[in-house]
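Each chain, written out:
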Amino acid sequence: MKPLRTTPPGHPCFDRNSASSCGRVHVPVAPKCNIQCGYCNRKYDCVNESRPGVTSAVLSPRQSLEYVDKVLAADPRITVIGIAGPGDPMANPAETLETLRLIHERHPELLFCLSSNGLGLPPHLDRLKELGVTHVTVTINAVDPAIGEKLYSWVRDDKVVWRGREAAELLLARQLESVRGLVERGMIVKVNTILVPGVNDHHVEEVARVVGELGATIQNIIPLKPTADTPLAHLPEPDAAAVNAARKGAGGHISQMTHCKRCRADAVGLLHEDKSAEMAETLRACAAAKTEEAERPYVAVATREGMLVNQHLGEAARFQIWGQGASGFYLVEERLAPRPGCGPERWKQVAHTLRDCRALLCAAFGAHPEGILVAAGVRPVEASGFIEDALEVVFGNGNTAALRGRKGGVGKASCAGGGCRGTGEGC
C-alpha cells in the first residue's frame, strides 16, 4: 500500500494519528444538492441514523456562528469546522462562503474543510483558499462516464438538468478540474469513493490511479449503505472482505483511509465518540433562534400580482415588504427596485433597498447577485406558490428548499438560451 503522505496534524479524517484527540463539528448550512445519487435519500430529524445527508436541523450562516461557539465551549477538543451538507456545499455557495467567512473571522485558529461532489467547486476555488479552507473532500465514484451514468439519476448545473451519459461526463470533468485546482492552490484533497457492488467495484483502482496522479493525498473507499426508496436500494452492502480487496488494489496508487465513520451532516466530536445526538437539541435551538429579527424584521417578495411568488429577481421592478405580527403576516409597503442594466452595482443597491429584510423570495436568481445579497445579510430564497405559504416557512426558520417549485421541463433550455416563457411558473 502506498505510504501515507504527511499532513498537518489536527484533522481526524485526513490524519489517523489525530483521530483520537482532535474532533470536528459539521455545520449543516447547505440543504440544496445539485446531483441525485442512486444511493442517496436525504432525511431530516433522524438523530439515530448515521450517514451523510442526514441532519437534525439546517442553520443559517449566523446561526452557525452561534452554534459553533456553543460546541467549542462544550468540547475543547474540536479542531475542525466542516461543511458537508446535508446537500452539497457548492450547491449553496452563498451560504457556505458566508458561514466560512463568519467562523474564520472569529476562530482563525481552527482548520476548515468541506465535502463536495465537485460539480460546483471550480468557480469558488480561490475564494475557498482566501477563507482559510485547508482540506477538501471530493466524492468521485467513477472516472468512466459509462459507469458514472449508472450511479447518478441527474446532474443540475445552474438551471440546466442533465441526465444519462451527458450528466456523467459533465460531473466527471468538474470533479477532475476541482481536484487539480485544489492541489494547485495548496489545499489537501481526500477523495471519497462509494463502493457499489456490480457497478463500480471493479473500477475503484482506476479511480485511485487517476486522482493519485492529480495530486490527491488520500482516498476513502466507503461501502454502499443501501437506503430505502433509492434506485440502488436492492444492492447488498459490501462486506469487509470486499472493502479490503478494493483498498488493497487502490492502495498501490494512493494512501487509504480506513477509519471512516460515515459522518452525518451535523456530526460533532471525535470520530469514535460522536456527540450528534447529545448536541441535537442545541442545534435545533440555534436553528430556531431568530438571530436577525432585531435588525431585519421583514421578508421581501418578488411578485407579479401580489398573491404568488412568481417573478425572477432580474425582472422585478418592485418588491413587496412583509412583516409578521401577533395576528399573522401583513404587507408593510412596496419598494421600487433599482433600474436594470448597471451590473454588480445594481445588486448592491438591491441589498441596500432591502437592508431591513432577512430574506428575499423570488422565482429564480443568479449566483452573482446571490453572493452579493448574502454578503449583505439578505438571503435569496427560490420559491413558487402562495406568498403566505412561503412566508410561513421563512419566518418559521423552516426548510426553504421545499419552496422550490417543479420546473416546467428539463434538458438544455435555460433563461440565457431562450427558455424563459414569462409565465411566472419557473424555467
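All figures in this text were calculated on a predicted structure; none of them were measured in a lab.

## Some thoughts on the overall build of the chain
Thought 1: Along its length, the chain carries 11 helices and 19 strands.
Thought 2: Sorting the 427 residues of the chain into buried and exposed places 56% on the buried side.
Thought 3: Put simply, 70% of the contacts in the chain that link residues at least 6 apart link residues at least 24 apart.
Thought 4: For the chain, the computed accessible surface area is about 17900 Å², with 51% contributed by carbon and sulfur atoms.

## Description of the pattern of salt bridges
Thought 1: Overall, the coordinates contain 16 salt bridges when judged by the stated rule.
Thought 2: Among the ionic pairs, Arg-335 bridges to Glu-333, the shortest N-O distance being 2.6 Å.
Thought 3: Relative accessible area serves as the criterion here: at 15%, Arg-335 is assigned to the buried category.
Thought 4: Within the structure, one salt-bridge network assembled from shared partners comprises Glu-98, Arg-101 and Glu-105.

## Re helix 8 (residues 276-288)
One full turn of an α-helix is made of 3.6 residues, so residues set three or four places apart face in the same direction.
Thought 1: Helix length check: helix 8, at 13 residues, gives a terminal C-alpha distance of 17 Å against a target of 18 Å (1.5 Å per residue), a fit within 8%.
Thought 2: Thr-282 marks where helix 8 bends most, by close to 25 degrees.
Thought 3: Buried within helix 8 are the following residues: Ser-276, Met-279, Ala-280, Leu-283, Cys-286 and Ala-287.
Thought 4: Next to the buried residues of helix 8 lie helix 1 (61-74), strand 11 (268-270) and strand 12 (273-274).

## Thoughts on the sheet that holds strand 2 (residues 35-37)
Strand pairing in a sheet relies on backbone hydrogen bonds. The paired strands run either parallel or antiparallel.
Thought 1: With respect to topology, 3 strands assemble into an open sheet ordered 2-6-7, the strand pairing being antiparallel. Since the sheet does not close on itself, it has two edges, and those belong to strand 2 and strand 7 (160-162), each with one partner. In this sheet, neighbouring strand axes are inclined to one another by 20 degrees on average, regardless of whether the strands run parallel or antiparallel.
Thought 2: Where strand 6 (residues 152-157) meets strand 7, 3 bridges bridge the pair, whose relative direction is antiparallel. Paired with Val-155 across the strands is Trp-162, a residue of strand 7.
Thought 3: Of the strands in this sheet, strand 2, strand 6 and strand 7 touch helix 5 (residues 164-184), which is tilted by about 60 degrees from strand 6.

## Description of the environment of Ile-147
Thought 1: Inspection of the secondary structure puts Ile-147 in helix 4 (residues 145-148).
Thought 2: Residue classification places Ile-147 among the buried positions, given a relative accessible area of 8%.
Thought 3: When the C-alpha atoms of Ile-147 and Asn-200 are compared, they prove to be 6.7 Å apart, with 53 residues separating the residues in sequence.
Thought 4: Ignoring any residue separated from it by four or fewer positions in sequence, one finds Ile-147 in contact with Ala-142, Val-199, Asn-200, His-202 and His-203.

## What about empty space enclosed by the protein?
Thought 1: Going through the model one piece at a time under the given rule, you end up with 3 cavities of 30 Å³ or more.
Thought 2: Roughly 60 Å³ of internal volume is contained in the second largest cavity.
Thought 3: Forming the walls of the second largest cavity are Ala-142, Asp-144, Pro-145, Gly-148, Tyr-152, Ala-168, Leu-171, Leu-172 and Gln-175.
Thought 4: With 4 residues, the single largest contributor to the lining of the second largest cavity is helix 5.

## Quick look at the layout of surface pockets
Thought 1: Here the second largest pocket defines a volume of roughly 420 Å³.
Thought 2: The wall of the second largest pocket is formed by 29 residues, among which Pro-31, Val-58, Arg-379, Gly-398 and Thr-400 lie closest to the centre.
Thought 3: Looking at the lining of the second largest pocket, the elements that each hand over two or more residues are helix 1, helix 8 and strand 18 (379-382).
Thought 4: The element that contributes the greatest number of residues to the lining of the second largest pocket is strand 18, accounting for 4 residues.
Thought 5: Residues that form the lining of the second largest pocket fall into these classes: 13 nonpolar, 9 polar and 7 charged.

## Digging into the sheet that holds strand 12
Thought 1: Pairing is mixed across the open sheet formed by 9 strands, whose spatial order is 10-9-8-5-4-3-1-11-12. Bordering the open sheet on either side are strand 10 (255-256) and strand 12, each of which pairs with just one other strand.
Thought 2: Contacts from helix 2 (residues 93-106) reach strand 3 (78-83), strand 4 (111-116) and strand 5 (133-139) within the one sheet, and its direction differs from that of strand 4 by about 165 degrees.

## Remarks on the environment of Val-196
Thought 1: Along the polypeptide, Val-196 turns up in the loop between strand 8 (188-195) and helix 6 (204-214).
Thought 2: In this structure Val-196 comes out as buried when scored by relative accessible area, which is 0%.
Thought 3: Distance in space between the C-alpha atoms of Val-196 and Leu-235 is 7.8 Å, their sequence separation being 39 residues.
Thought 4: In this structure Val-196 touches Leu-151, Asp-201, Leu-224, Leu-232 and Leu-235, once residues within four positions along its chain are discounted.

## Some words on the nonpolar core
Thought 1: Counting 55 residues, the largest nonpolar core has Tyr-67 and Leu-121 as its most contacted members.
Thought 2: Looking at this core, the element that brings in the most residues is helix 6, giving 6 residues.
Thought 3: Those residues in contact with Leu-121, other than ones at most four positions away along the chain, are Met-90, Leu-114, Ser-116, Leu-128, Val-136, Val-138, Ser-178 and Leu-182.

## A few points about unusual backbone geometry
Thought 1: In this structure, the amide linkage connecting Gly-85 to the following residue, Pro-86, adopts the cis form with an omega of 20 degrees.
Thought 2: Considering the arrangement of structural elements, one finds Pro-86 in the loop between strand 3 and helix 2.
Thought 3: Even without a glycine there, the phi angle at Asp-229 is positive, about 65 degrees.
Thought 4: The exposure class of Asp-229 is exposed, given its relative accessible area of 74%.

## Some points on the pairing of strand 6
Thought 1: As defined by bridge partners, strand 2 adjoins strand 6 across 3 bridges and the pair is classed as antiparallel. Along strand 6, the bridge assignment pairs Cys-37 with Tyr-152.
Thought 2: The turn linking strand 6 back onto strand 7 is made up of 2 residues, and Asp-158 within it adopts a positive phi angle of 60 degrees.

## Quick word on the side chain of Thr-353
Thought 1: Along the polypeptide, Thr-353 turns up in helix 9 (residues 344-353).
Thought 2: Each residue touching Thr-353, except ones within four places of it in the same chain, is listed here: Arg-335, Leu-336 and Pro-338.

What counts, and where the lines are drawn
Residues numbered from 1 in each chain as written. Predicted model: local features only at pLDDT ≥ 70, side-chain atom pairs only at ≥ 80, totals over all residues. Heavy atoms only, no water. Helix = DSSP H or I, 4+ residues; strand = E, 2+ residues; numbered from the N terminus. Buried < 20%, exposed > 50% of the residue type's maximum accessible area, 1.4 Å probe, protein only. Contact = heavy atoms within 4.5 Å. Areas by Shrake-Rupley, 256 points an atom, 1.4 Å probe, with all protein chains shown as cover. Salt bridge = Lys/Arg side-chain N within 4 Å of Asp/Glu carboxyl O. Expected span 1.5 Å × (residues − 1). Bend = angle between axes of the 7 residues up to and from the residue. Pairing = 2+ DSSP bridges. Axes fitted to C-alpha atoms, helices over the stretch in contact; angles between N-to-C directions. 1 Å grid on protein atoms, 1.4 Å probe; cavity = no way out; pocket = protein on both sides within 12 Å on 5 of 7 lines; lining within 4 Å. Points joined across faces, edges and corners; volume = space filled by probe spheres on them. Nonpolar A, V, L, I, M, F, W, Y, C, P; charged D, E, K, R; others polar. Core = buried A, V, L, I, M, F, W, Y, C linked by side-chain atoms within 4.5 Å.

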